[in-house]
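A closer look at the structure
This is what each chain is made of:
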Amino acid sequence: MSLIKVKIGVVVFPGSNCDHDAHYVSETIMGQDARLIWHKEGSIGNVDIVILPGGFSYGDYLRCGAIARFSPVMKDVVRFANNGGLVIGICNGFQVLTEAGLLPGVLLRNRSLLFACKYLHLRVENADTKFTNQCKKGELLEIPIAHGEGNYYSDSETLKHLEGNNQIVFRYCDRFGKVTDEANPNGSLKNIAGIINDTGNVLGMMPHPERASDPILKHTDGKKIFESMIQNIQSQFQLVESLVAERSI
Amino acid sequence: MFHSKVYVTLKKSILDPQGKAVEQGIHSLGFESVENVRIGKYIEMDVDANSQNEAERITKEISEKLLANLVMESFTSTTERIKE
């Protein structure tokens, strides 16, 4: 069975600066069809995956992601997400997703007040998601962060729900996989680095998988997240193809 | 025409590291008696509305939907008539 190329849309807000990296990894490293979607477009078009990239949309004015959330394209992104479409928000994209109400909680200023830019380790807490199916539970990924507001916070009820429902996908940990306060780069509750929504089709993460995907940069753990999303979509295509094949017999 | 002033601050339950840093600065300045320093945002705007009530309602709606993120922030506002 031939593998159909997955269509990946990368939203570009004024001030996005990881959009081209996400596009490059999607198209050149992963070999899929990627396109940039300007935030003023009323529709995301025919895509299988939407990426909200990192950067400083609208200069982080008011709050990170607060204005981007009202960009014309976001209405269609919300519609797509509510229909089960795969949406990943990376760094500023994660902030936009919380502001848009697609993910619970909020990203506060780092407790150090400093911009944190470094490689660190993430522990995969849930490998049974559309974004981590190519990982193993407990596996460590080495992926960089680069943010000033990545301190995940939610009220205790929401946190309980996230934990009970297995929605915490990544936690910051040390190189041995221990989730410690020293390994927490920003003060996030419970070392949270990434979460998914209730229905499992929207992921937000502060670390940058697109910066750890090209072998030329030595680190390629981020590729597993792209591979997982692509695998998820392609397995759906295959399911449809096999159903069609069955019918025509 | 009405003039609204909106003050947005982090909720009391949320640590404000920026406020803490400024508080340390205040102490270094010699004012040891000062505590609970919180940093917030101040936004002002003119609102064209038919009544005080309407102007307040508009201000509140904007504050809740955009100016403050109620997960982490709270706000207070005042609205006054500036001209007929």
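A quick note: this is a predicted structure, and the numbers were derived from the prediction, not measured.

Below, the discussion takes up the overall build of chain A. The secondary structure content of chain A amounts to five helices and 11 strands. At 17 Å, chain A has a C-alpha radius of gyration in line with the 18 Å of a compact globule built from 249 residues. For chain A, the C-alpha atoms occupy an extent of roughly 60 × 40 × 40 Å along the three principal directions. For chain A, buried positions account for 51% of its 249 residues. Once local pairs closer than 6 in sequence are excluded, the contacts in chain A between residues at least 24 apart make up 76%.

Ranked by internal contacts, the top residues of the largest apolar core, which has 72 residues, are V11, I49, V50, I51, V77, V87 and M229 of chain A. Dropping the residues within four chain positions of it, I51 of chain A is found in contact with I8, V10, V11, A22, I88, I90 and G93 of chain A.

Residues and elements named next belong to chain A. Pairing is mixed in the open sheet, where nine strands are placed in the order β2-β1-β3-β4-β11-β10-β9-β6-β7. Edge strands, defined here as strands with exactly one partner in the open sheet, are β2 (33–38) and β7 (140–147). Geometrically, the sheet is characterised by an average inter-axis angle of 25° between neighbouring strands, direction not taken into account. Where strand β3 (residues 49–52) and strand β4 (residues 86–90) come together, four bridges link them in parallel fashion. Paired with I49 across the two strands is L86, which belongs to β4. Across the sheet, helix α3 (residues 92–99) lies against β3, β4 and β11 (202–205), angled at about 120° from β4, the strand it touches most.

This part is about the environment of L159 of chain A. Residue and element names in this part refer to chain A. For L159, the location among the structural elements is in helix α4 (residues 156–164). Here L159 falls in the partly exposed class, since 19 other C-beta atoms lie within 10 Å of it. Spatially, the C-alpha atom of L159 lies 9.1 Å from that of K190, the residues being 31 residues apart in sequence.

This paragraph deals with helix α5 (residues 223–248) of chain A. All names here are of chain A. Across its 26 residues, α5 extends 37 Å between first and last C-alpha, which sits within 8% of the 38 Å expected from 1.5 Å per residue. Taken residue by residue, α5 has K223, K224, I225, F226, S228, M229, I230 and I233 as its buried positions. Here the buried face of α5 lies against α1 (19–29), β3, β4 and β7.

Calculation notes
Numbering of residues begins from 1 in every chain and follows the order in which that chain's sequence is written. Naming scheme: in the order in which they are written, chains are lettered from A and ligands are numbered from 1. Where local features are concerned, this predicted model is filtered to residues with pLDDT of at least 70; where side-chain atom pairs are given and counted, the filter is 80 or more; whole-chain, interface and lining totals use all residues. Put simply, DSSP marks the helices as runs of H or I at least four residues long and the strands as runs of E at least two long, and each gets a number from the N terminus on. Radius of gyration: C-alpha atoms only; globule rule: 2.2 Å multiplied by the number of residues to the exponent 0.38. Buried residues are those with 20 or more other C-beta atoms within 10 Å of their own C-beta, exposed residues have 12 or fewer, and partly exposed residues lie in between; C-beta atoms are placed from the backbone. C-beta atoms are first placed from the backbone for all residues, and any pair lying within 7 Å is then listed as a contact. Linking buried Ala, Val, Leu, Ile, Met, Phe, Trp, Tyr and Cys residues through C-beta atoms within 7 Å yields a set, and such a set is a nonpolar core. DSSP calls a pair of strands paired once it identifies at least 2 bridges connecting them. Only the stretch in contact is used when fitting a helix axis, every axis being a line fitted to C-alpha atoms; angles between N-to-C directions are given from 0 to 180 degrees. Given the number of residues in a helix, its expected span is that number minus one, multiplied by 1.5 Å.

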